[in-house]
Amino acid sequence: MRLSYVIAAIEEFAPRALQESWDNSGLQIGLPPGSDECTGVLLCVDVTEAIIAEAVEAGCNLVLSHHPLIFKGLKSLSGRTPSERAAAAAIRAGVAVYSAHTSLDSTRGGVSYAMAERLGARVLHVLEPTSMTKERITVLCPRADAADVRLLLLDADIAGATAWHVDRDSLDTTERDGIPESIIAHTPLTRVELTVPSMQRREIVRRLEGSGSRLTVQVQPLADHPDEYGLGVVAEFDKPVEMGKLPAMLREAFGTPAIRASQAALDSSRPVRRIALCGGAGGEFIAAAEAAGAAAYVSADIRYHDFADRRDGIAVFDIGHFESENCAKDIFYRVLCEKFPNFAVQKSKLENNPVIYL
């Protein structure tokens, strides 16, 4: 399996264009020069030396993580920090590292959706929507050139920069407007359609037009659907849950041994029908959860003053950062196994929460 194919599948589900401006989702470390063969994928939340060693032992030369290995930037590989040591270990072992961080948080079906699913709640809408316009690129080319066009679209450089979806070919298309007569004459045509983030369109079109293949590229703007993307979700239980039962549900669903909560959580008989959730550090979205009519908000890394300012009203639950995002491995696993049923994909067996509870 080519590494570029695996990256394309990840970015089809979680486009890099969705990441926050401060983030560093994407390919962190590539395979050695001249190599694009992926032997297997190991899934994790954080990349460490131990994870790289586990990947080598399992015969996987790609580590797919939620948190970026290279986040604030590495100025050296002297081995002074855990990130430097992990990066050096990956390079020495010939293991690639790809991270899908806020791109996975903001995509439809991402981390917050998985949190709601674990609790048995139905997602209504995104908590904090973000806007990402898309465009449909239609490539019309002779059928004989279709394979070359596909290989171009799955080129490693493009795969590392964008996400796309390749539709089924229309082998007998009659859409000939704008196609040079030299192509139309006695030439069976193939249509390949791609849906891409607008910011990536220029590079893809440039690659296509410079490929040397006889093709015509058409671009169609698509309507923006901001509610499909964003951080956090608002969800509902089919039947109201008593506030007093919610902590036990959270411990069972997320495996957290301790939960920090606001005083509103003490109202044990209060019914909770609508709930908001956000994986990772989501304290900034408490107000949005209140505005959405949620009786409870589940996230992590909540500050003291966020608890203090909400002694009444919405109940705020901090289940832990790792616990809230550990489901990222389940998402990765499902996406890759559905795309490549016979490919070696496995979750780390050694990873544990760097935070311990005493």
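Residues numbered from 1 in each chain as written. Predicted model: local features only at pLDDT ≥ 70, side-chain atom pairs only at ≥ 80, totals over all residues. Heavy atoms only, no water.

S.K.: Quick question: what am I supposed to make of the packing of aromatic side chains here?
M.R.: Note on aromatic pairs: each is described by the distance of the centres and the angle between the planes. Counted under the stated rule, the structure contains 2 aromatic pairs. With a centroid separation of 6.1 Å and an interplanar angle of 85 degrees, the aromatic rings of Trp22 and Phe71 are classed as edge-to-face. In this pair, Trp22 sits in the loop between helix H1 (3-13) and strand E1 (26-29) while Phe71 sits in the loop between strand E3 (62-65) and helix H3 (82-93), placing the two residues 49 residues apart along the sequence. For Trp22, a relative accessible area of 49% corresponds to the partly exposed category. An angle of 75 degrees between the planes, with centres 6.2 Å apart, marks the rings of Phe340 and Phe343 as edge-to-face. The same class applies to Phe340 as to Phe343, namely buried. (Phe/Tyr/Trp six-rings, centres within 6.5 Å; stacked < 30°, edge-to-face > 60°. Helix = DSSP H or I, 4+ residues; strand = E, 2+ residues; numbered from the N terminus. Buried < 20%, exposed > 50% of the residue type's maximum accessible area, 1.4 Å probe, protein only.)

S.K.: Before we go on, may I ask you to explain the packing of helix H2 (residues 49-58) against H3 in this structure?
M.R.: Two numbers describe a pair of packed helices, the interaxial angle and the distance between the axes. Relative to each other, H2 and H3 sit at 20 degrees, their axes nearing to 8 Å. When the axes of H2 and H3 are compared, the pair comes out roughly parallel. Considering how the two elements wind past one another, H2 and H3 form a crossing that is right-handed. Between H2 and H3, the contacting residues are Glu49, Ile52 and Val56 on the first element and Arg85, Ala86, Ala89, Ala90 and Ala93 on the second. (Axes fitted to C-alpha atoms, helices over the stretch in contact; angles between N-to-C directions. Parallel < 35°, antiparallel > 145°, perpendicular 65-115°, else oblique. Left-handed = near helix turned anticlockwise from the far one by under 90°. Contact = heavy atoms within 4.5 Å.)

S.K.: Teacher, can you tell me more about empty space enclosed by the protein here?
M.R.: A complete count under the given rule lists 1 cavity of 30 Å³ or more for this structure. Counted as a void, the largest cavity has a volume near 40 Å³. Ile10, Phe13, Ala14, Leu104, Ile331, Phe332, Val335 and Leu336 are the residues that line the largest cavity. Sorting the residues of the lining of the largest cavity by element identifies H1 and helix H14 (328-339) as the ones contributing at least two each. With 4 residues, the top contributor of residues to the lining of the largest cavity is H14. (1 Å grid on protein atoms, 1.4 Å probe; cavity = no way out; pocket = protein on both sides within 12 Å on 5 of 7 lines; lining within 4 Å. Points joined across faces, edges and corners; volume = space filled by probe spheres on them.)

S.K.: I tried to follow the sheet that holds strand E5 (residues 122-129) on my own but got confused; where do I start?
M.R.: Hydrogen bonds along the backbone pair up the strands of a sheet, which may run parallel or antiparallel. Taken together, the 6 strands give an open sheet; going across it, the order is E5-E9-E11-E12-E13-E10, and neighbouring strands pair in mixed fashion. Looking at the sheet topology across the chains shown, the edges are occupied by E5 and strand E10 (260-261). Together, E5, strand E9 (230-242), strand E11 (271-281) and strand E12 (296-300) form the strand contacts of helix H5 (residues 111-119), whose direction differs from that of E11 by roughly 140 degrees. (Pairing = 2+ DSSP bridges.)

S.K.: Explain the packing of H5 against helix H10 (residues 246-254) here, please?
M.R.: Contact geometry of H5 with H10 gives a least axis separation of 9 Å together with a crossing angle of 115 degrees. Classified by chirality, the crossing of H10 by H5 is right-handed. Across the interface between the two elements, Met115, Arg118 and Leu119 of H5 pack against Met249, Leu250, Ala253 and Phe254 of H10.

S.K.: Can you walk me through unusual backbone geometry in this structure?
M.R.: If a residue is not glycine, its phi is most likely negative; likewise, a peptide bond is most likely trans. The backbone phi angle of Asp301 is positive, close to 55 degrees, even though this residue is not glycine. With respect to the helices and strands, Asp301 occurs in the loop between E12 and helix H12 (304-308).

S.K.: Explain the pattern of salt bridges to me, please; I cannot follow it from the model alone.
M.R.: Side-chain pairs of opposite charge can arise whenever the charged atoms involved come near each other. Counted according to the given criterion, the structure contains 12 salt bridges. Residue Arg85 pairs with Glu49 through a salt bridge whose shortest N-O separation is 3.4 Å. With a gap of 36 residues between them, Arg85 in helix H3 and Glu49 in helix H2 connect regions that are remote in the sequence. Linking Arg274 and Glu236 is a salt bridge whose minimum nitrogen-to-oxygen distance equals 2.8 Å. Of this pair, Arg274 sits in strand E11 while Glu236 sits in strand E9, and the two are 38 residues apart along the sequence. For Arg274, a relative accessible area of 26% puts it in the partly exposed group. (Salt bridge = Lys/Arg side-chain N within 4 Å of Asp/Glu carboxyl O.)

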